[in-house]
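Residues per chain, in single letters:
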Amino acid sequence: MSKLAAAIDTMVLPKLPENYNWKEKEIILLAIAASKQKARPFEGEYRAPWLLSDYSAATWITTNRNREEKIGEDWSKTINVNWAIRLPNGSLLTDPQNHKLLELNKRIAFLIRSGFVGHISAPVTWKAAVSVQLQLTRWLVLYEKQFRPEQFGFAQLDQASLNSLLRVIAKGGWVEAHMVVRRLLCKMYQKTFNESCPTTLLDSAYELPSDVVTKISTTLLHSGWYARIVRGKYEGKNYLKREHIADEIGEPVESLRASSKFNAFCRQFEPELEYGDLVVSLFQESENPDHKTRTFDDIIHMGAAENTLLSVSSTLGTILSAHRHCPDMLPEPAMLSIRKAHSQASKLTRPSGHYPFIPVPIGLAYFNNAIRFVHVYGNALIDYYLAAISDRLRYPSLDAACSSELGIKFTVQINGLHKPVSDVLGIKTFSRKDDRLDFDAIRKNPTLHEALCILIGACIVCIGLVKPSREDELTNMKRNCLRNNAEGYYLHFAVGKSGGGEVLQETDRPIPLISAKAIQLLQKLGDGLSIIFNDKRKVASNLFYLPMQSGEGALGISRRLLNSNLDIFCDYTGLDTDNFGRRWYIRIHEMRKWFLLLLFWSGKFDVLDAARWIASHTDSSHIYQYIEREFPGEELPKLEAEYAIDRLRALEAATGGKSTRDEPGLHELYDTVIKHFNVQSLSMVPDSEWADYVEVLRKAEGFSLEPHSVRCSDGTGELTGIVVSFVLRENAL
């Protein structure tokens, strides 16, 4: 038994006052017992219902809110953690010399997921926390002479090193903390020139002299560091193999691929991938770079986002709070101040980027095209597709099915005339013999499979733009999600970010007819495919049950798969690009933001509670925080000022400005305005003058609005309405 456990067991209970009755004493003693139990170090077995693999396994397979499924001996749709990661010293975390470090990581991860440490709301959040653990592990190994993690784990971490870590993360994320670019450049330079890389080059790693780049590129080419891109827009072009680089410098390849700074550095050695000022994705499958693609200058000069640093700081706090369970391998958290380290580092961060707001003309253009595709072509396309892949005896190949008389059976109505959908869209084959992307051909003569992908993208738009949804909610929606009654259509779904832990709450929300039609099309497609393929997997009951390009089976649904269908829909629509050559490729979270902000923009505070409800937020303050964070430009203070002006007018009309017990914040604002003009009532001041003053007052943050929900006091907690409070700053104008 540990010293802490022994100390807890020998604690003497306090003597309770004699005037406490037995029930009060019982409550106090139960609270003490619960606190003692919560403070105890974990001494149980490292087994849990969520851990589907053995604790000792090199890869943990864990549950995913009941979406996981075992097919034969293999699990699918699980949340997995690979412990066999490459460390900067070249070893694997699972190697024998790293046994203590591996065991520490596993224990912390187990305790967090099991609720003994911190508070994790979902499996994906837990995996993100484990990712920070592993990044911290790799950083300590990078400086192993100082921290000796193979012996002491995280225990040698002190305030100075914590300050240093968060500062360097603030400058450029974990890639900067692990000195990935500097280490790689040293390796490249040594290999090319057989000498150490000069400090001057290390300090200007993103802007290397052209002669140095040429010599290094030639050496790397002859040494097998390059490969050709095998898919996407840049198929056949040379690029530095990220897998090879990962092995050379002891980095996980996934973190290299995800780093904008690392890719910007590599682009100096990848001249075939130059695309103006943009650092494009290696495996871009759309016609153009997307609207979020950054320029080279933006990437190399930007620090980490505020939210990135905040997330790392919060997770480090959770990790350190496991000290009582692993006292010999973790530092005493009372001796460290993460808040202090975060405060110093946050000055080096950049403001967090938000989901971009879809420009209204772009959103409407996509919506109009999606409605047309769903309404006009939807049923005929799905019937045509299912017929083409179902009768394999009659047609020797799917292309033969498309080139036969089959296509004329499925018609659409155009200008009052019924025409085969294949003729209207220009469909001649099921798929392309040449897998290379041809976007002009997709627009003029799509294959049957491409036309179906365009339709699926259109269905996503028709759902997402008018029913604000999270990606996770749409991706995992079941096919029986549509409800219909006398009031209209409702969408039944599991609410993302709900329930906590392994449980998701389910609910219904109303949807318009076009969304219901899009869902009905997906239902028809899924029902037909699951019968044709005789698929008994869980995924076969999903709304988005989508066929492979070959037509030979169905794919497991993922966010990437939905995005690829959205991309082909956007390329088919073919909107203009911006000055950098980027096209707006619409995403589910952007559609959610578009709906909510346009709803608020049109209805303002009168629709705030409706926005909360349709977005499945639990409190009006939550949806308003989202609106404040995501609202484009500087329009929100103006809208708040307009709302305040309307409320002051109503107050003046109802009470003449006389104080009542209701809404003290509004009356305080009223008093501030009339004192400013030295009058007894707003009616004594020209309307435009006091309204202008209220706008100035709000712009100067003299007051703020704080919406919050009102709940029943009967213990049910049911929401009954919304109140918008006015909070004045001291010494307001």
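Further up the page is the structure itself.
Source: prediction; values computed, not measured. (Residues numbered from 1 in each chain as written. Predicted model: local features only at pLDDT ≥ 70, side-chain atom pairs only at ≥ 80, totals over all residues. Heavy atoms only, no water.)

Trainee: Sorry if this is basic, but what is going on with the pattern of salt bridges here?
Mentor: Close approach of charged atoms lets side chains of opposite charge pair. Under the defined criterion, the tally for this structure stands at 29 salt bridges. Here Arg-231 and Glu-285 are joined by a salt bridge, their closest N and O atoms 3.0 Å apart. Within this pair, whereas Arg-231 is found in the loop between strand S5 (226–228) and strand S6 (238–240), its partner Glu-285 is found in the loop between helix H13 (260–266) and helix H14 (296–301), the two being separated by 54 residues in sequence. Accessibility expressed as a relative area gives 35% for Glu-285, which makes it partly exposed. For Arg-242, the salt bridge is made with Glu-270, and the minimal N-O distance between the two is 2.6 Å. Here Glu-270 lies in the loop between H13 and H14 and Arg-242 lies in helix H11 (residues 242–249), a separation of 28 residues in the sequence. A relative accessible area of 2% places Arg-242 in the buried class. Given the relative accessible area of 0%, Glu-270 is considered buried. What you see here is one network of salt bridges that share partners, running through Glu-287, Asp-440, Arg-443, Asp-571 and Arg-583. (Salt bridge = Lys/Arg side-chain N within 4 Å of Asp/Glu carboxyl O. Helix = DSSP H or I, 4+ residues; strand = E, 2+ residues; numbered from the N terminus. Buried < 20%, exposed > 50% of the residue type's maximum accessible area, 1.4 Å probe, protein only.)

Trainee: I would appreciate a short explanation of the layout of surface pockets in the present structure.
Mentor: To find leftover empty space, a probe the size of one water molecule is rolled over the atoms. Of the voids in this model, the second largest pocket is the one considered here, and its volume is about 850 Å³. Taken together, 31 residues make up the lining of the second largest pocket; nearest its centre are Glu-285, Leu-437, His-449, Gln-549 and Ser-564. At the level of secondary structure, the elements contributing two or more residues to the lining of the second largest pocket comprise helix H20 (439–444), helix H21 (448–464), strand S12 (546–547) and helix H24 (559–573). For the lining of the second largest pocket, the residue count by class is 13 nonpolar, 6 polar and 12 charged. (1 Å grid on protein atoms, 1.4 Å probe; cavity = no way out; pocket = protein on both sides within 12 Å on 5 of 7 lines; lining within 4 Å. Points joined across faces, edges and corners; volume = space filled by probe spheres on them. Nonpolar A, V, L, I, M, F, W, Y, C, P; charged D, E, K, R; others polar.)

Trainee: Got a minute to help me understand the packing of aromatic side chains in this structure?
Mentor: Describing an aromatic ring pair means giving the distance of the ring centres and the angle of the ring planes. Applying the stated criterion across every chain yields a total of 27 aromatic pairs. For the pair Tyr-366 and Phe-569, a centre-to-centre distance of 5.9 Å together with 50 degrees between the ring planes defines the contact as tilted. In this pair, Tyr-366 is assigned in helix H17 (residues 360–390) and Phe-569 in helix H24, connecting sequence segments 203 residues apart. On the basis of relative accessible area, Tyr-366 is assigned to the buried category, the value being 0%. Taking the centre distance of 5.6 Å and the plane angle of 40 degrees together, the rings of Phe-605 and Tyr-624 count as tilted. (Phe/Tyr/Trp six-rings, centres within 6.5 Å; stacked < 30°, edge-to-face > 60°.)

Trainee: I keep staring at empty space enclosed by the protein and nothing clicks. Help me out?
Mentor: Under the criterion given, the structure shown has 1 cavity of 30 Å³ or more. Empty space within the largest cavity amounts to approximately 40 Å³. Grouping the amino acids of the lining of the largest cavity by side-chain chemistry returns 1 nonpolar, 4 polar and 2 charged.

Trainee: Got a minute to help me understand the packing of helix H25 (residues 588–603) against helix H27 (residues 620–630) in this structure?
Mentor: Geometry of a packed helix pair, given as the angle between the helix axes and the separation of the axes. In the contact formed by H25 and H27, the axes pass within 11 Å of each other and the chain directions differ by 100 degrees. Considering their axes alone, H25 and H27 lie roughly perpendicular with respect to each other. Every residue of H27 that contacts H25 at Arg-592, Lys-593, Leu-596, Leu-597 and Phe-600 is listed here: Ile-623, Tyr-624, Tyr-626, Ile-627 and Glu-630. Residue composition of the contact of H25 with H27, by class: 7 nonpolar, no polar and 3 charged. (Axes fitted to C-alpha atoms, helices over the stretch in contact; angles between N-to-C directions. Parallel < 35°, antiparallel > 145°, perpendicular 65-115°, else oblique. Contact = heavy atoms within 4.5 Å.)

Trainee: Help me out: how do you make sense of the packing of H17 against H21 in this one?
Mentor: Where H17 contacts H21, the two axes come as close as 8 Å, and the packing angle between them is 135 degrees. One way to sum up the angle between H17 and H21 is to call them oblique. Considering the relative orientation of H17 and H21, their crossing is left-handed. Of the residues in H21, those in contact with Tyr-366, Phe-367, Ala-370, Ile-371, Phe-373, Val-374, Gly-378, Leu-381, Ile-382, Tyr-384, Tyr-385 and Ala-388 of H17 are Leu-448, His-449, Ala-451, Leu-452, Ile-454, Leu-455, Ala-458, Cys-459, Val-461 and Cys-462. Counted by class, the contact of H17 with H21 contains 20 nonpolar, 2 polar and no charged residues. (Left-handed = near helix turned anticlockwise from the far one by under 90°.)

Trainee: Explain helix H30 (residues 687–699) to me, please; I cannot follow it from the model alone.
Mentor: Along an α-helix, residues three or four apart share an orientation, since each turn contains 3.6 residues. The end-to-end C-alpha separation of H30 is 19 Å, in line with the 18 Å expected for 13 residues at 1.5 Å each. Among the residues of H30, Trp-690, Ala-691, Tyr-693, Val-694, Leu-697 and Arg-698 are the ones counted as buried. Down the axis of H30, the buried set is contained in an arc of 155 degrees. They therefore lie on one face. Tucked inside the fold, the buried residues of H30 contact helix H28 (635–655), helix H29 (664–677) and strand S14 (703–711). Note on H30: the residue one or two positions beyond its end, Glu-701, has a positive phi of about 60 degrees. (Expected span 1.5 Å × (residues − 1). Arc of directions from axis to C-beta.)

Trainee: In this structure, what is going on with the environment of Ile-85? I would like to understand it.
Mentor: In this fold, Ile-85 is placed in the loop between strand S4 (79–82) and helix H3 (99–113). Residue class for Ile-85 comes out buried when judged on its relative accessible area of 10%. As for Ile-85 and Gly-526, which are separated by 441 residues in sequence, their C-alpha atoms are 38 Å apart. Beyond its immediate chain neighbours, meaning those up to four positions away, Ile-85 contacts Ser-91, Leu-92, Leu-93, Leu-134 and Arg-138.

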